[in-house]
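Analysis of the macromolecular model
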Amino acid sequence: MNVYLETYGCQMNVSDSEVVRAVLANAGYSLSSVIDEADVVLLNTCAIRENAYRKIYGRLDTLRPLRKKMQTERGRFVVGLLGCMAQNMKEAMFRHPVVNLVVGPDNYRALPELISKVSKTGQKKAQREIDADLSEYETYQGIDPKRFDGVNAWVTVMRGCDNFCTFCVVPYTRGRERSRSLDDVLCEVRALAAQGFRQVTLLGQNVNSYHAKGVSFADLITAVADVPGVERVRFTSPHPKDFPESLLEAIAVHPNICNHIHLPLQSGSDRILELMNRTYTQDEFIRLAKKIRRMIPDVTLTTDIIVGFPTETEADHQDTLTTMQSVEFDSAYIFKYSERKGTIASKKFPDDVKAEVKTRRIVQLFDAQHEISLMRNQSRIGLTLPVLIEGESDKRPGFQMGKSDGNTTVIFPETSHHPGEIIPIEITDVTTATLLGHFLPKPVFITL
Ligand code: SF4
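Next up on the list: the overall build of the protein chain. Across its full length, the protein chain holds 14 helices and 21 strands. Radius of gyration (C-alpha) of the protein chain: 23 Å, near the 22 Å computed for a compact globule of 448 residues. Each principal axis of the C-alpha distribution contributes one length, and for the protein chain these read about 70 × 55 × 50 Å.

The next subject is the site of the ligand. Every residue near the ligand is listed here: Cys161, Asn163, Phe164, Cys165, Cys168, Val170, Pro171, Gln205, Asn206 and His239. Of the residues in the shell around the ligand, the class split is 6 nonpolar, 4 polar and no charged.

This paragraph deals with helix 3 (residues 64–74). An α-helix turns once every 3.6 residues. As a result, residues three or four positions apart point the same way. Within helix 3, only 1 of the 11 residues are buried, leaving the element largely exposed. Immediately beyond the C-terminal end of helix 3, within one or two residues, lies Gly75, with a positive phi of roughly 75°.

This paragraph deals with the sheet that holds strand 18 (residues 399–403). Here 5 strands make up a closed barrel; going around it, the order is 17-18-19-21-20 and the pairing mixed. Recorded for the sheet is a direction-independent mean angle of 55° between the axes of neighbouring strands. Note: strand 18 against strand 19 (residues 409–413), 5 bridges, orientation antiparallel. Within strand 19, the position partnered with Met401 by the bridge is Ile411.

This part covers the packing of helix 12 (residues 314–327) against helix 14 (residues 355–378). Viewed as axis vectors pointing N to C, helix 12 and helix 14 meet at an angle of 10°, and their least axial separation amounts to 10 Å. Considering the angle they form, helix 12 stands roughly parallel to helix 14. Mapping the contact onto sequence places His317, Thr320, Leu321, Met324 and Gln325 in helix 12 and Arg361, Gln364, Leu365, Ala368, Gln369 and Ile372 in helix 14. Grouping the amino acids of the contact of helix 12 with helix 14 by side-chain chemistry returns 5 nonpolar, 5 polar and 1 charged.

When the domains of the protein chain are assigned, the result is domain 1 (2–131), domain 2 (149–258), domain 3 (260–279 + 290–379) and domain 4 (384–439). For the side of domain 3 that touches domain 4, the element with the most residues is helix 14, which contributes 5 residues. Within the side of domain 3 that touches domain 4, the residues separate by chemical class into 1 nonpolar, 7 polar and 1 charged.

With that out of the way, let us pick up the nonpolar core. Counting 63 residues, the largest nonpolar core has Leu81, Ala86 and Val103 as its most contacted members. Contact partners of Val103, with chain neighbours within four places excluded, come to Gly80, Leu82, Ala86, Tyr108, Leu111, Leu114, Asp131 and Ala132. Judged by nonpolar contacts, the second largest core, of 42 residues, contains Val157, Val185, Leu202 and Val230.

Here the focus is the sheet that holds strand 7 (residues 152–156). Judged by pairing direction, the sheet is parallel, and its 3 strands sit side by side in the order 7-10-13 without closing on themselves. Only two strands of the sheet have a single neighbouring strand rather than two, namely strand 7 and strand 13 (232–236). Looking at each pair of strands side by side, their axes are set apart by 25° on average, direction ignored. In terms of strand pairing, strand 7 meets strand 10 (residues 199–203) through 5 bridges, oriented parallel. Pairing of Val155 across the sheet is with Leu202, part of strand 10. Docked against the sheet, helix 1 (residues 11–26) engages strand 7, strand 10 and strand 13, running at close to 90° with respect to strand 7. On the sheet, helix 7 (residues 182–195) packs against strand 7 and strand 10 and is oriented at approximately 170° with respect to strand 7.

Time to look at the pairing of strand 4 (residues 78–82). In terms of burial, strand 4 is largely enclosed, as 5 of its 5 residues are buried. The side-chain alternation of strand 4 yields two buried faces, one formed by Val78, Gly80 and Leu82 and the other by Val79 and Leu81. Pairing analysis gives 5 bridges linking strand 3 (residues 40–45) to strand 4, with the strands arranged parallel. Pairing of Val40 across the sheet is with Val78, part of strand 4.

By secondary structure assignment, the location of Val430 is in strand 20 (residues 422–430). Judged by the 21 C-beta atoms lying within 10 Å of it, Val430 falls in the buried class. Taking C-alpha positions, Val430 is 9.6 Å from Ile411, a pair spaced 19 residues apart along the chain. Every residue in contact with Val430, bar those within four places of it in the chain, is listed here: Asn377, Gln378, Arg380, Ile381, Leu435 and Leu436.

What follows covers helix 14. The first and last C-alpha atoms of helix 14 sit 34 Å apart over 24 residues, in line with the 34 Å expected at 1.5 Å per residue. The set of residues buried in helix 14 consists of Lys358, Arg361, Gln369, Ser373 and Asn377.

Let's shift gears to the pairing of strand 18. As paired elements, strand 17 (residues 384–392) and strand 18 share 4 bridges and run antiparallel to each other. For Glu392, the partnering residue across the bridge sits in strand 18 and is Gln400.

Orientation of helix 8 (residues 217–225) relative to helix 9 (residues 245–253), taken along the N-to-C sense of each, is 15°, at an axis distance of 8 Å. When the interaxial angle is binned, helix 8 and helix 9 end up roughly parallel. Remark: the crossing between helix 8 and helix 9 carries left-handed chirality. Touching Phe217, Ala218, Ile221 and Thr222 of helix 8 are Ser246, Leu247 and Ala250, all from helix 9. Split into classes, the residues belonging to the contact of helix 8 with helix 9 amount to 5 nonpolar, 2 polar and no charged.

With that out of the way, let us pick up unusual backbone geometry. In this structure, the amide linkage connecting Thr236 to the following residue, Ser237, adopts the cis form with an omega of -5°. Residue placement: Ser237 occurs in the loop between strand 13 and helix 9. At Lys90, a residue that is not glycine, the phi angle is positive and equals roughly 50°. Within the secondary structure, Lys90 sits in the loop between helix 4 (83–89) and strand 5 (101–103). Of the residues examined, Lys90 has 14 C-beta atoms within 10 Å and is grouped as partly exposed.

Rules of the game
- Here the residue index of a chain counts from 1 through its sequence in written order.
- Selection of residues for local features in this predicted model requires a pLDDT of at least 70, selection of side-chain atom pairs for listing and counting requires 80 or more, and totals for whole chains, interfaces and linings are taken over all residues.
- Labels follow the DSSP assignment, with helices taken as runs of H or I lasting at least four residues and strands as runs of E lasting at least two, numbered in each case from the N terminus.
- We compute the radius of gyration over the C-alpha atoms and compare it with the globule rule, which gives 2.2 Å times the number of residues raised to the power 0.38.
- As used in this record, a residue near a molecule or strand is one whose C-beta atom, placed from the backbone, is within 6 Å of it.
- We call Asp, Glu, Lys and Arg charged. Ala, Val, Leu, Ile, Met, Phe, Trp, Tyr, Cys and Pro are nonpolar, and the rest, Gly among them, are polar.
- Three exposure classes are used, all based on how many other C-beta atoms lie within 10 Å of a residue's own C-beta (placed from the backbone): buried at 20 or more, exposed at 12 or fewer, and partly exposed between those limits.
- Pairing between two strands is assigned when DSSP locates at least 2 bridges connecting them.
- Note on geometry: axes are lines fitted to C-alpha atoms, helical ones only across the stretch in contact, with angles between N-to-C directions running from 0 to 180 degrees.
- For classification, angles of less than 35 degrees are called roughly parallel, those exceeding 145 degrees roughly antiparallel, those between 65 and 115 degrees roughly perpendicular, and all remaining angles oblique.
- Here, residues touch in the contact sense if the C-beta positions derived from the backbone fall within 7 Å of one another.
- Source of the domain bounds: an automatic or database domain assignment.
- In these notes, a nonpolar core means any group of buried Ala, Val, Leu, Ile, Met, Phe, Trp, Tyr and Cys residues linked to one another through C-beta atoms within 7 Å.
- To estimate how far a helix should extend, the number of its residues minus one is multiplied by 1.5 Å.
- Each crossing gets its hand from how the near helix is turned against the far one by less than a right angle, where anticlockwise is left-handed and clockwise is right-handed.

Structure follows, in structure tokens:
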């Protein structure tokens, strides 16, 4: 049978889809990139915001005619929902008439058997199957993910989250924290280096709380950086509470651990941070950011911010703004709060900040961040940065694109170099999100 798989949401889902492909290929399924040829359509979904739900319901609606056609022609057609929305909604997803399979993120090993059950032909009533039990142990050890990208490899090192930020659905859709062993991760990374992957990104919902038999995240990332052939190591997503000095030292000392730290602020107000259960204050966050900039001077700092968390006042919002201005993030993902079913916030705090207030506040934060991002990028004009080429630029024909060590997109006129090569690019111009430059055959690298 042919399986077509679509992935939505974060890098964890991208990585999980690679596991799903491996599980299905090992069981003899073919993977198709053409939906019209598929007997099985799988959507690997996200539950982090309301928008993600709307997108999936919209996509399911578009599958109605295909389902009808395939049922008539072949007598079977499976539409399966995977990922966080599947885990969060469970049987409720069967209310949508095209869905006949629901599988949570810890149950992908069972996919071949479940697909086989729902695709049995000759049944009067369409079969439905669900497997959405959370596991305390599943790390997909022993499964070799089926990857497409030849430059960067996502490597999941831990799953789940124990932090229970009150707005977040992840502890309910991904379960408790569990880490892979150091040996297992290193074995995968060595194989990736041998296959020619130049960059490894260590992934986890709460990646820096990784711990396995006395091995900390700082130990893990150091060991990964020491694997011959690994040119760049990144990690995402961390929590500000788990940044011991040893981790910052590892980043500062190892040239191949990229100087990019994503440090999710969420809010700059102590009152809101407490309601969110973030376990740090504005002052502690700012002090951590300053320490990071002191220890890793050319670090790129990015963040996530939620606007309009329940009860957020104008004063709380101003605290977020001043924190952003004080830290000077290189870029920020800013979202309006949307209530997620099952979270602590949805049970305790009514979503009481008016939509127009959220809009006004988010625009204010966007404007402030644009100014800061532009200023941070302008400070790189004249520098020559090592850039890992990812491919051709989608937006500018005749140009290539790649990533700086700080993970900023760099665009430059086409060279004779190929994806996966790291080449020196002199930065000549910038926008708020992009650095523009040209290849410099004899570079002089200057660090900030
Ligand atoms: S740390 Fe908080 S925001 Fe991040 S996944 Fe865990 S609960 Fe969600």
